[in-house]
Amino acid sequence: MDYAPSNRNSASTKIVVAGGFGVGKTTFVGAVSEIDPLRTEALVTNESEGQDDISKVQQKHTTTVAMDFGRITLAENLVLYLFGTPGQRRFWFMWDDLVKGAIGAVVLVDVRRLDDSFAAVDYFEAKGLPFIVALNQFDGSQEFGPDEIREALAIPSHIPVIAVDARDRESAKRALVRITEFALTQLTGVSASA
């Protein structure tokens, strides 16, 4: 894989990719990263029995135990560093460290398991960190419109809700552009299109 050269005139920023267990955070970071992503995956073992509900993600055999890390250059002068959070509740203590210095977050949602999304949405609302909700398109899952998801998750109307395929580089890239634009408007009060 090619590595982008360092540019001293470029700005870099940090985006967090968060969500519940098995929603596609590792896949998202891996699909869009221009470097081989750093992954802290461990096998899901019997030790997690009673702590992690894997009944709806039975095909999942590994889990992130610390973070995923990747990088993408969105423009000649803008580099995003991506930090994927662990989804299992017992590793949530790491979220506070991972969000330090971030300008925003992408909250990935599996519409088959909306209940797993409330904690991430609540977390970013409480932190006051700009975030978008990205509906990960799992094969065979029922499609819901952004307004239906907004209502189900009680998300304020100014928070963007978009569809994303975490496996697809261009789709993930669009989500990163959207959170970057949204964070800019939230932090400056100026529309990104202005």
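Criteria and thresholds
- Residues numbered from 1 in each chain as written.
- Predicted model: local features only at pLDDT ≥ 70, side-chain atom pairs only at ≥ 80, totals over all residues.
- Heavy atoms only, no water.
- UniProt positions renumbered as here; feature names shortened; annotations may be inferred.
- Helix = DSSP H or I, 4+ residues; strand = E, 2+ residues; numbered from the N terminus.
- Buried < 20%, exposed > 50% of the residue type's maximum accessible area, 1.4 Å probe, protein only.
- Core = buried A, V, L, I, M, F, W, Y, C linked by side-chain atoms within 4.5 Å.
- Contact = heavy atoms within 4.5 Å.

- For the protein chain, an unreviewed UniProt entry supplies the name ATP-binding protein and the organism Pedococcus badiiscoriae.
- Quoted verbatim from the Sequence similarities (unreviewed entry) field of UniProt, the annotation for the protein chain is "Belongs to the GPN-loop GTPase family."

## A word on unusual backbone geometry
Thought 1: Even without being glycine, alanine 154 reaches a positive phi, approximately 55 degrees.
Thought 2: Checked against the element boundaries, alanine 154 lands in the loop between helix 4 (146–153) and strand 7 (161–164).
Thought 3: The class for alanine 154 is exposed, based on a relative accessible area of 59%.

## Notes on the nonpolar core
Thought 1: Core analysis: the largest hydrophobic core is formed by 44 residues, its most contacted members being Phe28, Phe124, Val133 and Leu176.
Thought 2: Here this core gets six residues from one element, more than from any other, and that element is strand 5 (residues 102–110).
Thought 3: Beyond its immediate sequence surroundings of up to four residues, valine 133 is in contact with Val107, Val109, Val121, Leu153, Ile155, Ile159, Pro160, Val161 and Ile162.

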